[in-house]
Amino acid sequence: LVSNNYAISNYVYFENSSSNPYLIRRIEELNKTANGNVEAKVVCLFRRRDISGNLNTLADSNARDFEEESKQPAISEQQKHQLKHRELFLSRQFESLPATHIRGKCNVTLLNETDVLTGYLEREDCFFYSLVFDPVQKTLLADQGEIRVGSKYQAEIPDKLAEGESDNRVQEKLETKVWDPDNQLKDSQIDQFLVVFHAMDTLQKNGYDLAKAMSTLVPQGGPVLCRDEMEEWSASEAMLFEEALEKYGKDFNDIRQDFLPWKSLASVVQFYYMWKTTDRYIQQKRLKAAEADSKLKQVYIPTYTKPNPNQIMAPGNKPGMNGAAGFQKGLCCESCHTAQSPQWYAWGPPNMQCRLCASCWVYWKKYGGLKTPTQLEGATRTAPRGHMTRQEVQGMSPFTSSAGRAKLLAKNRQTFILQTTKLTRIARRVCQDILQSRRAARRPYASINANAVKAECMIRLPKASKSAVKNRPIPRPSLVNIVKELAVQAPLKLKAPRGAPTPINRNQASQPRSAPALLGKRPFDSGSSVSVAGHPFSTNGRPFMSGMRTTSQSVIKRQRVSQGDAPNPVVFVATKDTRALRKHLTQAEMRRAARKPNIPVRVKIPPPPRPLPVPILPSSTSEPIVLED
């Protein structure tokens, strides 16, 4: 595996990205292009990380069945995790890649029930496969070419009989004799009779009596004409068979299913062995041999020595090279959690600032995973952590499943508080240049690497302990002063006749306003106000107007609100007089008031019209009276 010569049928690593794991491919052809470069036609193999979650579940079920049937020894959870990195999925997908992207050889074998799974972990660059992945149909199927080894397929050989011991078994029940070379016929007689199809079976049945065998072949109704498979198949069917054989090889099940579904499997197999005796087969074999001679047998690829762009610090250079500027010190490896390594590599999203040591980076590139399970791969949390990623929170949330949502909706909502630890509050002050709290608050969806902040905080704490962190107290006015100030800026008080509160709608008296709805809407609050010097004020600091009714003045009996639903908004219901005053505002003034609700609105109310004099008619005269101004 160390040699730099790569030949056909070798399994190799291909690198298509500096940060992603290697691709594992099998070389089928090596072709030289017009510009002198070498391209490799390869067969694609896929890892578990390349297939969907449903197919991974199917692969897990297949692995459990294999362990039970083959009686594998017990292994640890970490070994199970690493075995998933050694499993591959074969496919029939081909692609062409530059040969200069080859990064080494590996060994891929078909999993057999006699294999011990832990043996793959003990050997470097060793993989196995047992399922075939179809990238188009997105399916996993068992490989048809499995090696049938074991008690299910091999016969148990009995002990050898001793000298003079007779075999008491009934031979007719064990096997059927179809030919006996010790017969009375001569070779010339046998050759003459072999012209007839199935002649050997006929001789055996008739006790090697030529006259009797001939009479069997020519019965009273006339001679029996036997046609072989070469005569049964048409020329077009033979062409289809050759095309299928070129694509699938000797996989007769797929040949019959995709190309010749009207033929039986026995007919396809028999035609194949008879086709190999024809001149057509010999001619195609010579053409393939001549074509193979013109192609490359192997290619030499020198060892790739260029530095990886994900290197954090190259030997003999200063930190911050190779695109890793600003990487913080004191971080450990995300896989093995070591703090010392001759070379570090950036791994994962750039904002997470995760890194791997040299050995774990090689493991990541070859096997496509980390040595130890991560939180995203289902590992259990062993220690408290100050920050969790968004994916971890969504995975732990009971709302991710329909059963969890139904269970929580059936219960009352309860409030919860997220309280930070003392070390977290200190880290926010000490590591302000790393954490950037305001920027993180504006981008709550972006992940924060709490381990990096904590590690840097532990480095800076001894230096920061010499000078105490100064807190800047912010003077806050009392609630009474705030309410008084808001009362001064309140809009004009409108005089309106006092009376019973006007209902919101006609059905308000018969239907409770805070009845429980399907989506659990919050009912109106009846006690969200304060009073200063005997005057009632709402929660936003505006005094209640005499012509407006709040929810605290409603005559309807409110439903008692649970503590988890509080606090609730205060609702103001406009009265008839208020709606009449709005008619005196222009459309521009209404929009301006909606955009700036804190500025009082000045309403110019026109004077009421002067009433007309009422005419007085005399009762005793019938003459009209003319009124003059």
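Residues numbered from 1 in each chain as written. Predicted model: local features only at pLDDT ≥ 70, side-chain atom pairs only at ≥ 80, totals over all residues. Heavy atoms only, no water.

J.: Help me out: how do you make sense of the packing of helix 9 (residues 235–248) against helix 11 (residues 265–275) in this one?
T.: When two helices pack together, their arrangement is captured by the angle between the axes and the distance separating the axes. Where helix 9 meets helix 11, the closest approach of the two axes is 12 Å, and the angle between their N-to-C directions is 90°. Classified by the interaxial angle, the pair formed by helix 9 and helix 11 is roughly perpendicular. Between helix 9 and helix 11, the contacting residues are A238, F241, E242 and L245 on the first element and V268, F271, Y272 and W275 on the second. Grouping the constituent residues of the contact of helix 9 with helix 11 by class yields seven nonpolar, no polar and one charged. (Axes fitted to C-alpha atoms, helices over the stretch in contact; angles between N-to-C directions. Helix = DSSP H or I, 4+ residues; strand = E, 2+ residues; numbered from the N terminus. Parallel < 35°, antiparallel > 145°, perpendicular 65-115°, else oblique. Contact = heavy atoms within 4.5 Å. Nonpolar A, V, L, I, M, F, W, Y, C, P; charged D, E, K, R; others polar.)

J.: Help me understand the packing of aromatic side chains, please; the structure alone is not making it clear to me.
T.: Following the criterion strictly, the structure yields 19 aromatic pairs and no others. For the pair F241 and F271, a centre-to-centre distance of 5.1 Å together with 85° between the ring planes defines the contact as edge-to-face. Of this pair, F241 sits in helix 9 while F271 sits in helix 11, placing them 30 residues apart in sequence. For F241, a relative accessible area of 0% corresponds to the buried category. Classification of F271 by relative accessible area gives buried; the value is 2%. With a centroid separation of 4.8 Å and an interplanar angle of 5°, the aromatic rings of Y345 and W361 are classed as stacked. With a gap of 16 residues between them, Y345 in strand 10 (residues 345–347) and W361 in helix 13 (residues 358–367) connect regions that are remote in the sequence. By relative accessible area, which is 12% here, Y345 ends up buried. Judged by relative accessible area, W361 falls into the buried class, the value being 5%. Taken together, the ring pairs in this structure connect W233, F241, F252, F271, Y272, Y273, W275 and Y281 into an aromatic cluster. Lying across the ring of Y367, R86 places its NZ or CZ 4.2 Å from the centre. (Phe/Tyr/Trp six-rings, centres within 6.5 Å; stacked < 30°, edge-to-face > 60°. Buried < 20%, exposed > 50% of the residue type's maximum accessible area, 1.4 Å probe, protein only. Lys NZ or Arg CZ within 6 Å of the ring centre and 35° of its normal.)

J.: When you look at the pattern of salt bridges in this model, what are you seeing that I'm missing?
T.: With the rule as written, the count across this model stands at 15 salt bridges. Two residues, D60 and R48, come together in a salt bridge whose shortest N-O distance is 2.9 Å. Taken together, the residues span a long stretch of sequence, with D60 in helix 1 (residues 53–70) and R48 in the loop between strand 4 (38–46) and helix 1 at a distance of 12 residues. The class of D60 is partly exposed, set by a relative accessible area of 23%. (Salt bridge = Lys/Arg side-chain N within 4 Å of Asp/Glu carboxyl O.)

J.: Could you clarify how one ought to interpret the side chain of Q72 in this entry?
T.: Inspection of the secondary structure puts Q72 in the loop between helix 1 and helix 2 (77–86). Given the relative accessible area of 17%, Q72 is considered buried. For Q72, the side chain forms a polar contact with the side chain of S70, separated by 3.1 Å. A polar contact is formed between the side chain of Q72 and the backbone nitrogen of L117, at a distance of 3.2 Å. In this view, Q72 contacts F66, E67, D115, V116 and L117; residues no more than four positions away in its chain are not counted. (Polar contact = N/O pair within 3.5 Å; in protein donor to acceptor, adjacent residues only side chain to side chain.)

J.: Even after reading the chapter, I still don't get the pairing of strand 4, so can you show me in this structure?
T.: Strand residues, when the strand is regular, have side chains that alternate between the two faces of the sheet. Where burial is concerned, most of strand 4 is hidden: seven out of the nine residues are buried. Sheet topology places strand 3 (residues 23–32) next to strand 4; eight bridges connect them, and they run antiparallel. From the neighbouring strand, N31 faces strand 4, where its bridge partner is E39. Counting the residues between successive antiparallel strands, the hairpin from strand 3 to strand 4 contains five residues, one of them, G36, with a positive phi of roughly 95°. For strand 4 and strand 5 (residues 87–98), the ladder comprises seven bridges, and the chain directions are antiparallel. Among the inter-strand pairings, L45 is bridged to a residue of strand 5, identified as L90. (Pairing = 2+ DSSP bridges.)

J.: Where do I start with the nonpolar core in this structure?
T.: The nonpolar side chains of soluble globular proteins are, as a tendency, buried together. Core analysis: the largest hydrophobic core is formed by 16 residues, its most contacted members being I24, L88, C106, V108 and F127. For this core, the secondary structure elements donating two or more residues are strand 2 (11–14), strand 4, strand 5, strand 6 (102–110), strand 7 (126–134) and helix 13. Apart from the residues lying within four places of it in its own chain, the contact partners of I24 are V12, Y13, V43, C44, L45, R47, L88, C106, V108 and F127. Residues A244, F252, L260 and F271 belong to the second largest nonpolar core, which totals 14 residues. (Core = buried A, V, L, I, M, F, W, Y, C linked by side-chain atoms within 4.5 Å.)

J.: Mind showing me how you'd approach unusual backbone geometry here?
T.: The phi torsion of most residues other than glycine is negative, and most of the peptide bonds are trans. Positive phi outside glycine occurs at K71, with the angle close to 55°. Relative to the assigned elements, K71 resides in the loop between helix 1 and helix 2. On the basis of relative accessible area, K71 is assigned to the exposed category, the value being 72%. One non-glycine residue, K138, lies in positive phi territory at about 60°. Judged by its relative accessible area of 54%, K138 falls in the exposed class.

J.: Explain the pairing of strand 6 here, please?
T.: For strand 6, the tally of buried residues reaches seven of nine residues, placing the bulk of the element in the interior. Where strand 6 and strand 7 come together, four bridges link them in parallel fashion. Looking at strand 7, one finds that V108 is bridged to F127.

All we've got here are geometric facts, nothing functional implied.
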